[in-house]
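# Structural characterization, general
Residue-level listing of the chains:
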Amino acid sequence: EDKVVQSPLSLVVHEGDTVTLNCSYEVTNFRSLLWYKQEKKAPTFLFMLTSSGIEKKSGRLSSILDKKELFSILNITATQTGDSAVYLCAGARTYQLIWGAGTKLIIKP
Amino acid sequence: SQTIHQWPATLVQPVGSPLSLECTVEGTSNPNLYWYRQAAGRGLQLLFYSVGIGQISSEVPQNLSASRPQDRQFILSSKKLLLSDSGFYLCAWSVIGLTGELFFGEGSRLTVL
């Protein structure tokens, strides 16, 4: 059965810290790995990763995929209170995304 | 630009009552359409997806149904709600033929009492 597992489930850090969120996957016909940020309502897209070892960056956020070991990480440097959210990862196969349960990140001022 | 509208935003319904959640997409044609449910503290559970008008695939057997009467309209329904149907429902679309970035509606929070 396909599954995506995220760790940790929750994380509390102080503003300015760097955090690493983990996502491991077992998805048949795997196409890509996606990261989303969910604050109050709808998830918003962060990254889509299709190739192993190529880091994607957007400001203080970066992510990388390891297709051999079947995992991805999301890094957030110099965290801010606005980074507080649930971070979701999903493995994509034809027509479907297999979602992890999310990591709840709380940034304390 | 593409937009997705989902309504109602909040719904409180008694057990046994019917349900209709509606979602429309603007600015694109022939999208893939999805209905997800998110229980508190849980990931997203795919309920239905559609790759075209009248084409619905169900992922989870339950008392919910979905319909796609028009290209950019997706409706989630139930004839009789259960307590377990409570949750946060999200409609989403993606580019046809690709499995990648999803664009989500604002969600509908359903409470069944």
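Scope of this entry: the structure provided in the associated data block. In this text the structure is predicted, and so the values were computed from the model without any measurement. (Residues numbered from 1 in each chain as written. Chains lettered and ligands numbered in written order. Predicted model: local features only at pLDDT ≥ 70, side-chain atom pairs only at ≥ 80, totals over all residues. Heavy atoms only, no water.)

### Looking at the interface of chain A and chain B
Stated precisely, the cut-off is as follows: In this analysis, two residues are considered to be in contact whenever any of their non-hydrogen atoms come within 4.5 Å of each other. Here the buried area means the combined drop in accessible surface, using a 1.4 Å probe, for two parts upon being joined, counting both sides. Whenever a carboxyl oxygen of Asp or Glu lies within 4 Å of a side-chain nitrogen of Lys or Arg, that contact is scored as a salt bridge. Counted as a polar contact is a pair of N or O atoms within 3.5 Å, where, for protein atoms, one must be capable of donating a hydrogen and the other of accepting one, and residues adjacent in sequence contribute only when both atoms are in side chains. Think of it this way: any DSSP run of H or I at least four residues long counts as a helix, any run of E at least two long counts as a strand, and we number them from the N terminus.
Counting residues at the interface gives 20 residues for chain A and 22 residues for chain B. Summed over both partners, the interface of chain A with chain B buries about 1700 Å², with 58% contributed by carbon and sulfur atoms. Considering only the surface of chain A that becomes buried against chain B, Lys41, Tyr95 and Trp99 of chain A emerge as the three largest contributors, covering 36% of it. One can count 0 salt bridges joining chain A with chain B. At the boundary of chain A and chain B, one finds 4 residue pairs in polar contact (both at pLDDT 80 or more). Per-element tally for the side of chain A that touches chain B: the top contributor is strand E4 (residues 32-38) of chain A, with 4 residues.

### Some points on the environment of Asn29 of chain A
Residues and elements named next belong to chain A. Defined as follows: We call a residue buried when its accessible area falls under 20% of the maximum for its residue type, exposed when it is over 50%, and partly exposed in between, using a 1.4 Å probe and counting protein chains only.
Turning to its location among the elements, Asn29 is positioned in the loop between strand E3 (19-26) and E4. Using a relative accessible area of 62% as the deciding quantity, one classes Asn29 as exposed. Each C-alpha atom of the pair Asn29 and Tyr95 lies 11 Å from the other, and the pair is 66 residues apart in sequence. The contacts of Asn29, once residues within four sequence positions are left out, are Ala92 and Arg93.

### With respect to the state of the cysteines
Residues and elements named next belong to chain A. Note the cut-off: Disulfide assignment relies on a single distance test, namely cysteine sulfur atoms paired within 2.5 Å.
With the rule as written, the count across this model stands at 2 disulfides over all chains. Linked covalently through their sulfurs, Cys23 and Cys89 form a disulfide whose S-S length is 1.9 Å. Handedness here is read from the sign of the S-S torsion; for Cys23 and Cys89, about 80°, the answer is right-handed. Here Cys89 lies in strand E9 (residues 85-93) and Cys23 lies in strand E3, a separation of 66 residues in the sequence. Side by side, Cys23 and Cys89 carry an identical accessibility label, which is buried.

### Brief notes about the pattern of salt bridges
Residues and elements named next belong to chain A. Under the defined criterion, the tally for this structure stands at 5 salt bridges over all chains. For Arg93, the salt bridge goes to Asp2, with nearest N and O atoms at 2.1 Å. Pair noted here: Arg93 is in strand E9 and Asp2 is in the segment before strand E1 (3-7), with a separation of 91 residues, a long-range link. Close ionic contact of Asp83 with Arg60 constitutes a salt bridge, the shortest N to O distance being 2.8 Å. Note that Asp83 is positioned in the loop between strand E8 (71-76) and E9 and Arg60 in the loop between strand E6 (56-58) and strand E7 (61-66), a separation of 23 residues in sequence. Residue classification places Asp83 among the buried positions, given a relative accessible area of 5%. The exposure class assigned to Arg60 is partly exposed, which follows from its relative accessible area of 23%.

### Some thoughts on the packing of aromatic side chains
Each aromatic ring pair is described using two quantities: the centre-to-centre distance and the angle formed by the ring planes. For clarity, the threshold we go by: Stacked, tilted and edge-to-face are the three classes applied to pairs of Phe, Tyr and Trp rings, where Trp contributes its six-membered ring and a pair requires centres within 6.5 Å; stacked means planes under 30 degrees apart, edge-to-face means over 60, and tilted covers the rest.
What the rule picks out here adds up to 11 aromatic pairs over all chains. Taking the centre distance of 5.8 Å and the plane angle of 85° together, the rings of Trp99 of chain A and Tyr36 of chain B count as edge-to-face. Note that Trp99 of chain A is positioned in strand E10 (residues 96-99) and Tyr36 of chain B in strand E4 (residues 32-38), a pairing that runs across two chains. Between Trp93 of chain B and Phe103 of chain B, the aromatic rings sit 4.7 Å apart at their centres with planes inclined by 20°, giving stacked as the arrangement.

### Regarding unusual backbone geometry
Backbone torsion omega between Ser7 of chain A and Pro8 of chain A reads -10°, so that peptide bond is classified as cis. With respect to the secondary-structure elements, Pro8 of chain A resides in the loop between E1 and strand E2 (10-14). That bond from Trp7 of chain B to Pro8 of chain B is cis: its omega, 0°, falls within 30 degrees of zero. Position of Pro8 of chain B relative to the elements: it lies in the loop between strand E1 (3-7) and strand E2 (10-13). Not every positive phi belongs to a glycine, and Ala78 of chain A is a case in point at roughly 45°. Tracing the backbone through its elements, the reader meets Ala78 of chain A in the loop between E8 and E9. Taking relative accessible area as the criterion, Ala78 of chain A reaches 38% and is therefore assigned partly exposed.

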